[in-house]
Amino acid sequence: MTDSDYKPGLEDVPAAKSAISFIDGKRAQLEYRGVPVEILARESCFEETAWLLLKGDLPTQKELADFDADLRERRGIHFRLKDLIKCLPSTGHPMEALQATTAALGMFHPHRQVTCATKNWDAACRILAGLPTVVAAFARTRRGEEPIDPRPDLDHAANFYYMLFGKEPSAATRKVLDACLILHAEHEMNASTFTARVTASTLASPYQTIAAAVGSLSGPLHGGANEEVLLMLEKIGAKENVQSWLDEKLANDPKFKVMGLGHRVYKVKDPRATVLQELAEHMFAESARPKNYEIALELERITAGIYGAKGVYPNVDFYSGVVYQSLGIPTDVFTPIFAIARVAGWLAHWLEQLNGNRIFRPAQIFVGKADAAYVPLDKRP
Ligand code: COA
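Calculation criteria
- Residues numbered from 1 in each chain as written.
- Predicted model: local features only at pLDDT ≥ 70, side-chain atom pairs only at ≥ 80, totals over all residues.
- Heavy atoms only, no water.
- Patch = residues over 30% accessible without salt bridge, like charges linked within 9 Å, V, L, I, M, F, W, Y side chains within 5 Å.
- Areas by Shrake-Rupley, 256 points an atom, 1.4 Å probe, with all protein chains shown as cover.
- Salt bridge = Lys/Arg side-chain N within 4 Å of Asp/Glu carboxyl O.
- Lys, Arg positive; Asp, Glu negative; His and termini not counted.
- Charge placed at Lys NZ, Arg CZ, Asp CG, Glu CD.
- Helix = DSSP H or I, 4+ residues; strand = E, 2+ residues; numbered from the N terminus.
- Buried < 20%, exposed > 50% of the residue type's maximum accessible area, 1.4 Å probe, protein only.
- Pairing = 2+ DSSP bridges.
- Polar contact = N/O pair within 3.5 Å; in protein donor to acceptor, adjacent residues only side chain to side chain.
- Contact = heavy atoms within 4.5 Å.
- Axes fitted to C-alpha atoms, helices over the stretch in contact; angles between N-to-C directions.
- Parallel < 35°, antiparallel > 145°, perpendicular 65-115°, else oblique.
- Left-handed = near helix turned anticlockwise from the far one by under 90°.
- Near = heavy atom within 4 Å.
- Nonpolar A, V, L, I, M, F, W, Y, C, P; charged D, E, K, R; others polar.
- Phe/Tyr/Trp six-rings, centres within 6.5 Å; stacked < 30°, edge-to-face > 60°.
- Lys NZ or Arg CZ within 6 Å of the ring centre and 35° of its normal.
- Expected span 1.5 Å × (residues − 1).
- Bend = angle between axes of the 7 residues up to and from the residue.

Quick look at a positive patch on the surface
Thinking step 1. A cluster of like positive charges, contributed by Lys255, Lys257, Arg264, Lys267 and Lys310, occupies part of the molecular surface.
Thinking step 2. For Lys267, the location among the structural elements is in the loop between α12 (242–252) and α13 (271–283).
Thinking step 3. Look at Lys267 and you get partly exposed, because its relative accessible area is 38%.

Some details on the pairing of strand β2 (residues 29–32)
Thinking step 1. Where strand β1 (residues 21–24) meets β2, 4 bridges bridge the pair, whose relative direction is antiparallel. Among the inter-strand pairings, Ser21 is bridged to a residue of β2, identified as Tyr32.
Thinking step 2. For β2 and strand β3 (residues 35–36), the ladder comprises 2 bridges, and the chain directions are antiparallel. Bridge pairing links Tyr32 to Val35 in β3.
Thinking step 3. Hairpin connection from β2 to β3: 2 residues lie between these consecutive antiparallel strands, with Arg33 at a positive phi of about 50°.

Some remarks on the sheet that holds β1
Thinking step 1. Taken in spatial order, the 3 strands of this open sheet run β1-β2-β3, and their pairing is antiparallel. Each edge of the sheet is formed by a strand with only one pairing partner; in this case those strands are β1 and β3.

Side note on the side chain of Glu352
Thinking step 1. Here Glu352 is to be found in helix α16 (residues 334–354).
Thinking step 2. For Glu352, a relative accessible area of 18% translates into the label buried.
Thinking step 3. In terms of polar contacts, Glu352 uses its side chain to reach the side chain of Arg197, at 2.7 Å.
Thinking step 4. Apart from the residues within four sequence positions on either side, Glu352 is in contact with Lys17, Ser18, Ala19, Ile20 and Arg197.

A closer look at the side chain of Ser205
Thinking step 1. Locating Ser205 in the fold gives a position in the loop between α9 (191–200) and α10 (206–217).
Thinking step 2. In contact with Ser205, not counting residues within four places along its chain, are His111, Arg112 and Val114.

Quick look at the packing of helix α6 (residues 117–141) against helix α7 (residues 156–165)
Thinking step 1. Where α6 contacts α7, the two axes come as close as 8 Å, and the packing angle between them is 20°. As judged from the angle between their axes, α6 and α7 are roughly parallel. The handedness of the crossing between α6 and α7 is right-handed. Of the residues in α7, those touching α6 at Leu128, Ala129, Pro132, Thr133, Val135, Ala136, Ala139 and Arg140 are His156, Phe160, Met163, Leu164 and Phe165.

Looking at the site of the ligand
Thinking step 1. Contacts to the ligand come from 19 residues, most closely from Lys255, Lys257, Val258, Leu261 and Arg264.
Thinking step 2. For the ligand, an oxygen atom lies 2.4 Å from a polar atom in the side chain of Lys257.
Thinking step 3. In this structure, Gly260 approaches the ligand through a main-chain N or O atom, which is 2.8 Å from an oxygen atom.
Thinking step 4. Within the complex, the protein chains bury 74% of what would otherwise be the 860 Å² of accessible surface of the ligand.
Thinking step 5. Looking at the shell around the ligand residue by residue, the class counts come to 9 nonpolar, 5 polar and 5 charged.

Topic: the packing of aromatic side chains
Thinking step 1. Going through the model one piece at a time under the given rule, you end up with 10 aromatic pairs.
Thinking step 2. With a centroid separation of 5.5 Å and an interplanar angle of 35°, the aromatic rings of Phe67 and Trp121 are classed as tilted. Placement of the pair is Phe67 in helix α3 (residues 61–73) and Trp121 in helix α6, with a sequence separation of 54 residues.
Thinking step 3. The class for Phe67 is buried, based on a relative accessible area of 1%.
Thinking step 4. Note on Tyr293 and Tyr319: the rings are 5.8 Å apart at their centroids and 65° apart in plane angle, and the pair reads as edge-to-face. Within this pair, whereas Tyr293 is found in helix α14 (residues 291–307), its partner Tyr319 is found in helix α15 (residues 317–326), the two being separated by 26 residues in sequence. For the pair formed by Tyr293 and Tyr319, the shared burial category is buried.
Thinking step 5. Among the aromatic residues, those joined into a cluster by ring pairs are Phe284, Tyr293, Phe318 and Tyr319.
Thinking step 6. Over the aromatic face of Trp121 sits the side chain of Lys55, whose NZ or CZ is 4.2 Å from the ring centroid.
Thinking step 7. Between the NZ or CZ atom of Arg151 and the centre of the ring of Tyr162, over which it lies, the distance is 4.9 Å.

What about α16?
A turn of α-helix holds 3.6 residues, and therefore any two residues three or four places apart point the same way.
Thinking step 1. Compared with the 30 Å implied by 1.5 Å per residue over 21 residues, the 30 Å span of α16 between its first and last C-alpha is a close match.
Thinking step 2. Along its length, α16 reaches its greatest deviation from straightness, about 40°, at Arg342.
Thinking step 3. Among the 21 residues of α16, 20 are classified as buried, and the element is accordingly described as predominantly covered.
Thinking step 4. Within two residues after α16, Gly356 carries a phi angle of roughly 80°, on the positive side.

Structure follows, in structure tokens:
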């Protein structure tokens, strides 16, 4: 192994063969099992998209009805898990709470035999259905409010909104939230999916596999960017400040990274950012655009002139926060929403990894010392 074999960040190194999603980063193309994501965001619902990702084909009416019923049945969580959520520090980040409670969910539903297809499917349904419940429960208990039990008469997106706010969403809000879940559901070999596959390859339980992926998603270079974008827009404060804010940042650090821009694979605007922007346009009449949306538009316009030549354009996180904020969702719950969507993709990769599994064990290029002497502690300077 030589230095020339090493690809920092494993750029362009294939880590798996996968049939789940396809990206053409130059053509702004993203497909789930061959279906363009824009069509799914417009025509499908999260439940159907999750089935497509997990099973490989669109469901029949009966398959979808049965799957939907399976999910609704598994939304509730054990009262001891609710107690555990209540005991978590209210100042902790909701992604930390989600990682802890995803692992804890597995303690209530032990699943060590990942060779059983029936049990695997049951666990996949339980995780898909249970994550929104634990996210909503922590979002409430940290404010001193009681968690709200799921409603089996509501669909996945509407039930999540209901558990968060205690009221049903309007039809328009439900559609926006559902479309956001679809847009975030899968994105081939990103850091959290790779984490899930590495963990799955050890034959760890699906709960631990998904908990590992949640941890990976939380970082600001990955899913955590949606929260960072909103904080950045708040700091900029007004559309008129964008140029001076950016000038100052670049004067301090010519390599300054604007949150919500850039992507390892897309060298044009991320197609999901385009759909999210359309959703935003649809939600806000031009006269009543929120300030943060106006700032984001101006930031996109100015940065295109600076970074466009490098292929750095808005990614999925650039507009999602503005959309979530307009739905009344707290800023630090943006990334957990990303997680309750992406779990569909993670689970699809978990099942795919198990099929013909080989444990991940890459190589390294050793750059440390050799034959170093062990000097006893009392003889060291
Ligand atoms: N703002 C400004 N410049 C950026 C940038 C950003 N957000 N993202 C990348 N660039 C520039 C880099 O400075 C680098 O320029 P150089 O070639 O002159 O050195 C070039 O584009 C390549 O960037 P690099 O960091 O090597 O890309 P990567 O593939 O390793 O990283 C991301 C991809 C997503 C981590 C990176 O674009 C980033 O940090 N973006 C901000 C965080 C974010 O929005 N994450 C969510 C991703 S969905």
